[in-house]
Amino acid sequence: MKNYLDLVPISAKVHRKQNRMSIICIVLAVFLVTAIFGMADMFIRGQILQTQQENGNWHIGIRNISVFMIH
């Protein structure tokens, strides 16, 4: 087991550029996912506000109800 642990610093030195590229790719992917979900959230909020301005802020809307009088 100790022999394998001695190989860790050597491997890190040999694969330094590959490790940097992996970290850069991970950071870029996280940034892109955050940006996409942020834009999707803003789009949904905009749609909700537009609908509320056009139709009012109602929990339920009932239209064309015929009223029957009971004698």
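Residues numbered from 1 in each chain as written. Predicted model: local features only at pLDDT ≥ 70, side-chain atom pairs only at ≥ 80, totals over all residues. Heavy atoms only, no water.

1. Comments concerning the overall build of the chain
Working step 1: Helix and strand content of the chain: two helices and zero strands.
Working step 2: Relative to the compact-globule value of 11 Å for 71 residues, the chain shows a C-alpha radius of gyration of 29 Å, a clear excess of over 25%.
Working step 3: Projected onto its principal axes, the C-alpha positions of the chain cover 95 × 25 × 10 Å.
Working step 4: In the chain, which comprises 71 residues, the share counted as buried stands at 0%.
Working step 5: Summed over its atoms, the accessible surface of the chain is roughly 7600 Å², and 68% of this surface lies on carbon and sulfur atoms. (Helix = DSSP H or I, 4+ residues; strand = E, 2+ residues; numbered from the N terminus. Rg over C-alpha atoms; globule rule 2.2 N^0.38 Å. Buried < 20%, exposed > 50% of the residue type's maximum accessible area, 1.4 Å probe, protein only. Areas by Shrake-Rupley, 256 points an atom, 1.4 Å probe, with all protein chains shown as cover.)

2. Description of a positive patch on the surface
Working step 1: Together, Lys13, Arg16, Lys17 and Arg20 line one region of the surface with positive charge.
Working step 2: Top element by residues in the positive patch is helix H2 (residues 16-55). It accounts for three residues. (Patch = residues over 30% accessible without salt bridge, like charges linked within 9 Å, V, L, I, M, F, W, Y side chains within 5 Å. Salt bridge = Lys/Arg side-chain N within 4 Å of Asp/Glu carboxyl O. Lys, Arg positive; Asp, Glu negative; His and termini not counted. Charge placed at Lys NZ, Arg CZ, Asp CG, Glu CD.)

3. Observations regarding a nonpolar patch on the surface
Working step 1: A contiguous nonpolar surface patch, about 670 Å² in accessible area, is contributed by Leu28, Phe31, Leu32, Ile36, Met39 and Met42.
Working step 2: For phenylalanine 31, the location among the structural elements is in helix H2.
Working step 3: A residue is classified by how much of its surface remains accessible, and phenylalanine 31, at 56% relative accessible area, is exposed.

4. A word on the pattern of salt bridges
Working step 1: Per the stated rule, a full pass over the model turns up one salt bridge.
Working step 2: The salt bridge involving arginine 45 is made with aspartate 41; its shortest N-O contact spans 3.1 Å. Of this pair, arginine 45 and aspartate 41 both sit in helix H2, four residues apart, roughly one helical turn.
Working step 3: For arginine 45, a relative accessible area of 55% corresponds to the exposed category.

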